[in-house]
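Chain by chain, the residues:
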Amino acid sequence: MSQPPRRINPPRRLRGAVIVPGDKSISHRAAILNAVAAGPATVENFLPADDCLATLDCLRALGVSWSLERSSDESARLSLTGQGIGGLRESADTLDARNSGTTMRLLAGLLAGRPFLSIITGDESLRSRPMGRVILPLREMGAQISGRDGDSLAPLTIRGGPLRGIHHRSPVASAQVKSALLLAGLQAEGETTLEEPARSRDHTERMLRAMGADLREEGNALRLSPLRQDLTPLSLRVPGDFSAAAFWLVAGALHPDAEISLSDVGVNPTRTGLLDALRKMGADITVSGERQQGGEPVADLRVRSSKLKGIVVEGPAVVRLIDEVPALAVAAALARGRTVISDVGELRAKESDRILATAQELRKLGARVEERPDGLIIEGVETLQGAPCDSRGDHRLAMALAVAGTVARGETALSGAEAVGISYPGFWKHLAELESG
Ligand code: S3P
């Protein structure tokens, strides 16, 4: 049942400190990899949002025992005991990845090598997202895997069995595809080598190495040897999600009376393209106390009210900000001059068609946004005007529109505001705290 629209009025100020939730990508991986390691592990600051809960439910259906102790809406301690990769069991029912592409694609790679039948489905959005990009290379590895609509869409049916290593050159820079093939490659006969057009997020690689996998980088390629013994469990504390911090970085830069501190945020360089883009636009952001946590770099960020100008964002490096384009578009909508965002055609294959949806929804608030096949052209305006708008069930669009609402004139009525629960259940609470800060 859809809820009434959430009303957002521009606050007088946005001030205070936010502890953003644990990283979504790292939470998925910490659960999946520890589920197939040999022994117990504890994951602190696990993100108990709907996407990661979908992963946990699938793992339970596959015979993995775990428990989750929530300390708040966006932080939990996950304890799980892997029985090695051979410990997974055929699920009695269809696995439901719900809205989560990471769950579906990573599990497809993992289950391709397990000697039983798995069927993975998802919600309407996930069932319309491209799955050929994992089906085809997994088949080349010898997997029996098929999907709807000529093997391009979920549900996926996987009859797992013996796999062989391949050399795969992916046409898209996708960490989900890369991770699926690494999970399959761990179980294959012979080495798997992977190349992608630009370096996508490398959380899987970092974690696999820390758990004892033989994974090397050779030039642009990754080379993985099959597992000779089970992965070693890895207990860790998940860093704060840069993709959640992104909304506050944009809100803090745009709002005329803002100062927001964000502590313990993951600053893995494969993820921080928005930081570079916002700084290029003139945002006043400081990064301090860089350190390592759970095999990942983390730091404390602080953003203050800034005057932004338009920039050009293009080329292979866009993968470093791919999830942040809706937030970047809001910054561009109020920046001086023109912002051109190109080479982000992949956004049409996310939780919504994010090029179309961002353009159409921001236009409702008075932004001047032109849609291109592979991006957006945005002419900055003086002010946005609050209006009814819709997240279209996309969590990142919901949060980007909320940020736009905090700097628009008048009231914004956001339908589908509950979508934030996919990755940031405490988003509205944090916004309210900053408004009274
Ligand atoms: C993710 C990879 C990216 C990203 C998504 C999370 C991951 O997707 O957009 O939000 O956790 O591996 P693609 O692999 O489709 O690029």
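Just above sits the structure.
Residues numbered from 1 in each chain as written. Predicted model: local features only at pLDDT ≥ 70, side-chain atom pairs only at ≥ 80, totals over all residues. Heavy atoms only, no water.

(A) Focus on the side chain of Ser-243. Here Ser-243 lies in helix α8 (residues 242-254). You can call Ser-243 buried: its relative accessible area is 0%. Polar contacts involving the side chain of Ser-243 include one to the side chain of Arg-271, which spans 2.9 Å. Separated by 2.9 Å, the side chains of Ser-243 and Glu-324 make a polar contact. (Helix = DSSP H or I, 4+ residues; strand = E, 2+ residues; numbered from the N terminus. Buried < 20%, exposed > 50% of the residue type's maximum accessible area, 1.4 Å probe, protein only. Polar contact = N/O pair within 3.5 Å; in protein donor to acceptor, adjacent residues only side chain to side chain.)

(B) The arrangement of the side chain of Gln-187 in detail. Within the fold, Gln-187 resides in the loop between α6 (175-185) and β12 (188-189). Judged by relative accessible area, Gln-187 falls into the buried class, the value being 17%. Look past the residues within four positions of Gln-187 in its chain and what remains in contact with it is Ile-85, Gly-109, Leu-110, Gly-113 and Arg-114. (Contact = heavy atoms within 4.5 Å.)

(C) Spatial organisation of unusual backbone geometry. Of note, the bond from Ala-154 into Pro-155 is cis; its omega dihedral lies within 30 degrees of zero at 5 degrees. Although it is not a glycine, Arg-98 adopts a positive phi angle of roughly 55 degrees. Assignment of secondary structure puts Arg-98 in the loop between β6 (95-96) and α3 (101-111). Positioned with a positive phi, Arg-392 is a non-glycine residue whose angle comes to about 55 degrees. With respect to the helices, strands and loops of the structure, Arg-392 is situated in the loop between β25 (388-390) and α12 (395-407). A residue is classified by how much of its surface remains accessible, and Arg-392, at 32% relative accessible area, is partly exposed.

(D) Geometry of the packing of aromatic side chains. Scanning all chains against the criterion turns up 5 aromatic pairs. Pairing Trp-248 with Tyr-424 gives two aromatic rings, centres 6.3 Å apart and planes at 85 degrees, and the pair type is edge-to-face. Residue Trp-248 is found in helix α8, and its partner Tyr-424 is found in the loop between β27 (412-415) and α13 (427-435); the two are separated by 176 residues along the sequence. Both residues of the pair, Trp-248 and Tyr-424, belong to the buried class. Ring centres 4.9 Å apart and planes at 10 degrees place the aromatic pair Trp-248 and Phe-427 in the stacked group. Linking Trp-248 in helix α8 with Phe-427 in helix α13, this pair joins segments that are 179 residues apart in sequence. Both residues of the pair, Trp-248 and Phe-427, count as buried. Joined through ring pairs, the aromatic side chains of Phe-247, Trp-248, Tyr-424, Phe-427 and Trp-428 make up one cluster. (Phe/Tyr/Trp six-rings, centres within 6.5 Å; stacked < 30°, edge-to-face > 60°.)

(E) Molecular detail of the sheet that holds strand β8 (residues 144-147). Taken together, the 4 strands give an open sheet; going across it, the order is β6-β7-β9-β8, and neighbouring strands pair in mixed fashion. Looking along the sheet, the strands with just one partner apiece sit at the ends: β6 and β8. Along the sheet, α3 makes contact with β6, β7 (117-121), β8 and β9 (153-159), crossing β7 at roughly 170 degrees. (Pairing = 2+ DSSP bridges. Axes fitted to C-alpha atoms, helices over the stretch in contact; angles between N-to-C directions.)

That is the geometry; function is a separate question.
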